[in-house]
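# Overview (structure and organization)
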Amino acid sequence: LGTLIGLLTSCHAIIFAGGRQLYSLTRNGSFPKFTRFDKITNGTPRIALTTDILLSFIISLIVYLIGEGVDFLVGLSVAAACLSYVLSMCSFIKLRVKNPEEIRPYKSPLSIFGAAYAAILAFLVGISFFIDIGVGLGGEILAVVIVVFILIYGASSYEFLYGFQCCNQRKCGKERFLEYESGLSDDKEAGDDGENAKLEVTSPANEDTNEDKE
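Residues numbered from 1 in each chain as written. Predicted model: local features only at pLDDT ≥ 70, side-chain atom pairs only at ≥ 80, totals over all residues. Heavy atoms only, no water.

### Re the overall build of the protein chain
What counts is decided by this rule: The secondary structure listing takes helices from DSSP runs of H or I that are at least 4 residues long and strands from runs of E that are at least 2 residues long, numbered from the N terminus. When a residue's accessible area, from a 1.4 Å probe over protein chains only, is under 20% of the maximum for its type it is buried; when over 50% it is exposed; and in between it is partly exposed. Should any heavy atoms of two residues lie within 4.5 Å, those residues are counted as being in contact. Residue burial considers only the protein chains on display, and all accessible areas are found by Shrake-Rupley using a 1.4 Å probe.
The secondary structure content of the protein chain amounts to 7 helices and 0 strands. Secondary structure elements of the protein chain occur, N-terminal to C-terminal, as α-α-α-α-α-α-α. Here the protein chain, with 214 residues, has 18% of them falling under the buried criterion. Of the contacts formed within the protein chain by residues at least 6 apart in sequence, a portion of 48% connects residues at least 24 apart. Element-wise, carbon and sulfur atoms account for 67% of the exposed surface of the protein chain, whose accessible area totals about 15700 Å².

Here is the structure:
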């Protein structure tokens, strides 16, 4: 019973987290604007949440129809998580090699070697779960799933790097993301300038000057 409650809780948390992730990726420019995942209604990204819930339901229904159970969904989620860990570690290594002197708020004490070790472990764990999934699905279905995943990932990566000349999307995801980051930096600088102005107005030196004038 405790395991079942834990699985249900994790499932609901992942569904809501997935909707927020779609919203965040669209807001910062990583996803195209025509998806409208960043639209807020009554303080909630309803389109993003609805899309994530529908996809989760469809995947669960497909898993049920092919005769698999909850353990298959758990294995699928772990395999996908391991893949994301591998990609994250590869991105970390690339940034460390490409921009070694860049100022960072925190530096990993294990550096590139720790990231490489984590990537290898995540890859091995992910492969083991993929093999288990393949045994349950069969080689043909697993091959179709992998091909579909590669096509979706490839299309998303191409749109982010180069963009598609459709749906009024004249900028690629990378350009939209850099604009978003630039806007955040401008807002931060404006906020810092405002704070400095307040400090200057309320500083003791200014108060003494005002008293002298009086």
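### Some details on helix H2 (residues 46-65)
Quick note on the threshold: Multiplying 1.5 Å by the helix residue count minus one yields the expected span of that helix. The directions considered for the arc are those from the helix axis to the C-beta atoms.
Its 20 residues give H2 an end-to-end C-alpha distance of 28 Å, which sits within 8% of 28 Å, the value for a rise of 1.5 Å per residue. Along H2, the residues classified as buried are Ala48, Leu49, Asp52 and Val63. Along the axis of H2, the buried residues cluster in a sector spanning 95°; they form a single face. In H2, the exposed positions that point more than 90 degrees away from the buried face belong to Phe57, Tyr64 and Leu65. A positive phi of about 90° marks Gly67, the residue just after H2.

### Some words on the packing of aromatic side chains
Counted only if it meets this: Only centres within 6.5 Å qualify two rings of Phe, Tyr or Trp (six-membered ring in Trp) as a pair; their planes then separate them into stacked at under 30 degrees, edge-to-face at over 60, and tilted for everything else.
Inspection of the entire model under this criterion finds 2 aromatic pairs. Where Phe149 meets Tyr153, the ring centres are 6.2 Å apart and the plane angle is 15°; that geometry is what we call stacked. Of the two residues, Phe149 and Tyr153 both sit in helix H5 (residues 139-161), 4 residues apart, roughly one turn of that helix. Both rings, one in Tyr158 and one in Tyr162, keep their centres 5.1 Å apart while their planes meet at 45°; by these two values the pair is tilted. Of the residues examined, Tyr158 reaches a relative accessible area of 43% and is grouped as partly exposed. We classify Tyr162 as exposed; its relative accessible area is 57%.

### Re the nonpolar core
Test applied: Nine residue types can take part in a nonpolar core, namely buried Ala, Val, Leu, Ile, Met, Phe, Trp, Tyr and Cys, and a core is a set of them joined through side-chain atoms within 4.5 Å.
Judged by nonpolar contacts, Val63, Phe72, Ala79, Ile133 and Leu142 together constitute the single largest core of 5 residues. Every residue in contact with Val63, bar those within four places of it in the chain, is listed here: Glu68, Gly69, Phe72 and Leu73.

### Remarks on a nonpolar patch on the surface
What counts, and what does not: Here the term patch refers to residues with relative accessible area over 30% and no salt bridge, with like charges joined within 9 Å and nonpolar side chains (Val, Leu, Ile, Met, Phe, Trp, Tyr) within 5 Å. Salt bridges are identified by distance alone: a Lys or Arg side-chain nitrogen within 4 Å of an Asp or Glu carboxyl oxygen.
A cluster of nonpolar side chains, namely Leu54, Phe57, Ile58, Leu61, Ile62, Tyr64, Leu65 and Ile66, defines an oily patch on the protein surface of about 860 Å² accessible area. Relative to the helices and strands, Leu61 resides in helix H2.

### Section: unusual backbone geometry
At Arg36, a residue that is not glycine, the phi angle is positive and equals roughly 60°. Along the chain, the position of Arg36 falls in the loop between helix H1 (2-27) and H2. Judged by relative accessible area, Arg36 falls into the partly exposed class, the value being 43%. Of note, the phi angle at Asn42 is positive, near 55°, even though the residue is not glycine. In this structure, Asn42 sits in the loop between H1 and H2. A residue is classified by how much of its surface remains accessible, and Asn42, at 69% relative accessible area, is exposed.

Don't take any of this as a statement about function, it's just geometry.
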